[in-house]
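Residue strings, one per chain:
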Amino acid sequence: MTTANEEQAEYWGKSVLGAKWLIHEDQLDHLLAPVLDLVLERAALKPGMRVLDIGCGTGASTIASAQEVGRNGRVLAADFSQPFAHRTRERSLDLGLTQVEVECVDAQTFGFSEGIQDAVISRFGVMFFEDPVAAFANMASALKPGGQMTFAAWGPLSDNPWFKLPHIAATNQLGQPPKVDRYAPGPLAFHDIEHVTDMMSRAGLCDVRGETVSLFLHGPDMLEETAALCMRVGPASRVISHFGASDEDIEAIRTAVAEAFAKYATDDGIRIPAAINLFQARRTT
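Residues numbered from 1 in each chain as written. Predicted model: local features only at pLDDT ≥ 70, side-chain atom pairs only at ≥ 80, totals over all residues. Heavy atoms only, no water.

**Observations concerning the overall build of the chain**
- A tally of helices and strands in the chain yields 11 helices and 8 strands.
- The C-alpha radius of gyration of the chain comes to 19 Å, within 12% of the 19 Å expected for a compact globule of 285 residues.
- Structurally, the chain occupies a C-alpha span of about 55 × 40 × 35 Å along its principal axes.
- Within the chain, the fraction of its 285 residues that count as buried is 53%.
- Within the chain, residue pairs in contact and separated by at least 24 positions form 82% of the contacts whose partners lie at least 6 positions apart.
- Of the roughly 12,500 Å² that the chain leaves accessible, carbon and sulfur atoms contribute 50%. (Helix = DSSP H or I, 4+ residues; strand = E, 2+ residues; numbered from the N terminus. Rg over C-alpha atoms; globule rule 2.2 N^0.38 Å. Buried < 20%, exposed > 50% of the residue type's maximum accessible area, 1.4 Å probe, protein only. Contact = heavy atoms within 4.5 Å. Areas by Shrake-Rupley, 256 points an atom, 1.4 Å probe, with all protein chains shown as cover.)

Here it is, written out as structure tokens:
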């Protein structure tokens, strides 16, 4: 696959941290289920629709979309990670979802069929492009005139304990890693709504809108499990990787994260408040 986003494709497709998303698929699907529910609710998919799922990951959003559009609909799942695309294809086949097609492609540059999709959706799959304006324009080209794009991205770090508290625990233990551009490709790149809606408008989309939606992420039932998930694939994992943390460091961070998350324990499990930026726009008619 030729890609304009080689570094991100390498990270998600070949790194140890990327591979852990496959290993902990069930826990991550559970954690992020409220975000996917939000995207699908706003996208308002209907039976028979054609849907493009950008950054499909390991397939949760693709499967849910396929179930919404039914046998007479179509879902094209796209991800630039070969292992993720393979897993999405595998899960779809296991469920007999013949209306699903999966492509390992870079959505910034891939030549999507022009004007055939009713909807483009994404759950945390659009924050990783080197040129977001070009990516939005290319994805929009796949939409029918008037077709709608709906995607979720993380809001600001300060409003997302899932990122903030583990980051504090890791940096308290290990120190601060090198600073990066706050708009650089990565999970928090779309934290600023005005910045993103401006890029969407420059990409030629219309009826552009964005809002921050408050919801709760569903952590594993035990605090220790939630903290461990952060160590493996979450916000502390890059700090741990950068400093080559020892087992003792990792255990200290895990303990600190569990203590920080204790206030989110409820009778229904760990419920971590989150601020999700929800964006929508249409292709011009």
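**A look at unusual backbone geometry**
- Although it is not a glycine, Ala44 sits at a positive phi angle of roughly 50°.
- Take Ala44: it is sitting in the loop between helix H3 (25-43) and strand S1 (50-54).
- Taking relative accessible area as the criterion, Ala44 reaches 35% and is therefore assigned partly exposed.
- Phi is positive for Asp207, which is not a glycine, with a value near 50°.
- As for its placement among the helices and strands, Asp207 is situated in strand S6 (residues 206-218).

**Quick notes on the environment of Met149**
- Of note, Met149 is situated in strand S5 (residues 143-154).
- Measuring from C-alpha to C-alpha, the distance between Met149 and Ala281 comes to 5.3 Å, with 132 residues separating the pair along the chain.
- Excluding its chain neighbours within four sequence positions, the residues that come into contact with Met149 are Val120, Phe136, Met139, Ala140, Leu143, Leu205, Phe279, Gln280 and Ala281.

**Here's the deal with the pairing of strand S2 (residues 74-79)**
- The element S2 is largely enclosed, with a buried count of 5 among its 6 residues.
- Alignment of S2 against strand S3 (residues 100-104), held across 5 bridges, turns out to be parallel. Note that in S3 the partner of Leu76 across the bridge is Glu101. (Pairing = 2+ DSSP bridges.)

**Looking at the packing of aromatic side chains**
- Scanning the model with the defined rule gives 10 aromatic pairs in all.
- Aromatic pair Trp154 and Phe163: ring centres 4.7 Å apart, planes at 80°, arrangement edge-to-face.
- Of the residues examined, Trp154 reaches a relative accessible area of 5% and is grouped as buried.
- Residue classification places Phe163 among the buried residues on the basis of a relative accessible area of 11%.
- An aromatic cluster is built from Phe136, Phe151, Phe190 and Phe279, whose rings are joined through pairwise contacts. (Phe/Tyr/Trp six-rings, centres within 6.5 Å; stacked < 30°, edge-to-face > 60°.)

**Points about the pattern of salt bridges**
- All told, the structure shown has 9 salt bridges when counted by the stated rule.
- Between Lys144 and Asp118 there is a salt bridge, with its nearest N and O atoms 3.0 Å apart. In this pair, Lys144 sits in strand S5 while Asp118 sits in strand S4 (residues 117-123), placing the two residues 26 residues apart along the sequence.
- Judged by relative accessible area, Lys144 falls into the partly exposed class, the value being 32%.
- Of the residues examined, Asp118 reaches a relative accessible area of 22% and is grouped as partly exposed.
- Here the residues in one salt-bridge network are Glu25, Asp29, Arg87, Glu90 and Arg91, joined through shared partners. (Salt bridge = Lys/Arg side-chain N within 4 Å of Asp/Glu carboxyl O.)

**Topic: the packing of helix H6 (residues 132-141) against helix H8 (residues 193-202)**
- Between H6 and H8, the least distance of the axes is 8 Å, while the angle of their chain directions is 55°. As summarised for this structure, H6 and H8 are arranged oblique, according to the angle between their axes. Here H6 runs over H8; the crossing is right-handed. Between H6 and H8, the contacting residues are Pro132, Val133 and Phe136 on the first element and Val196, Met199, Met200 and Arg202 on the second.
- The residue inventory of the contact of H6 with H8, partitioned by class, reads 6 nonpolar, no polar and 1 charged. (Axes fitted to C-alpha atoms, helices over the stretch in contact; angles between N-to-C directions. Parallel < 35°, antiparallel > 145°, perpendicular 65-115°, else oblique. Left-handed = near helix turned anticlockwise from the far one by under 90°. Nonpolar A, V, L, I, M, F, W, Y, C, P; charged D, E, K, R; others polar.)

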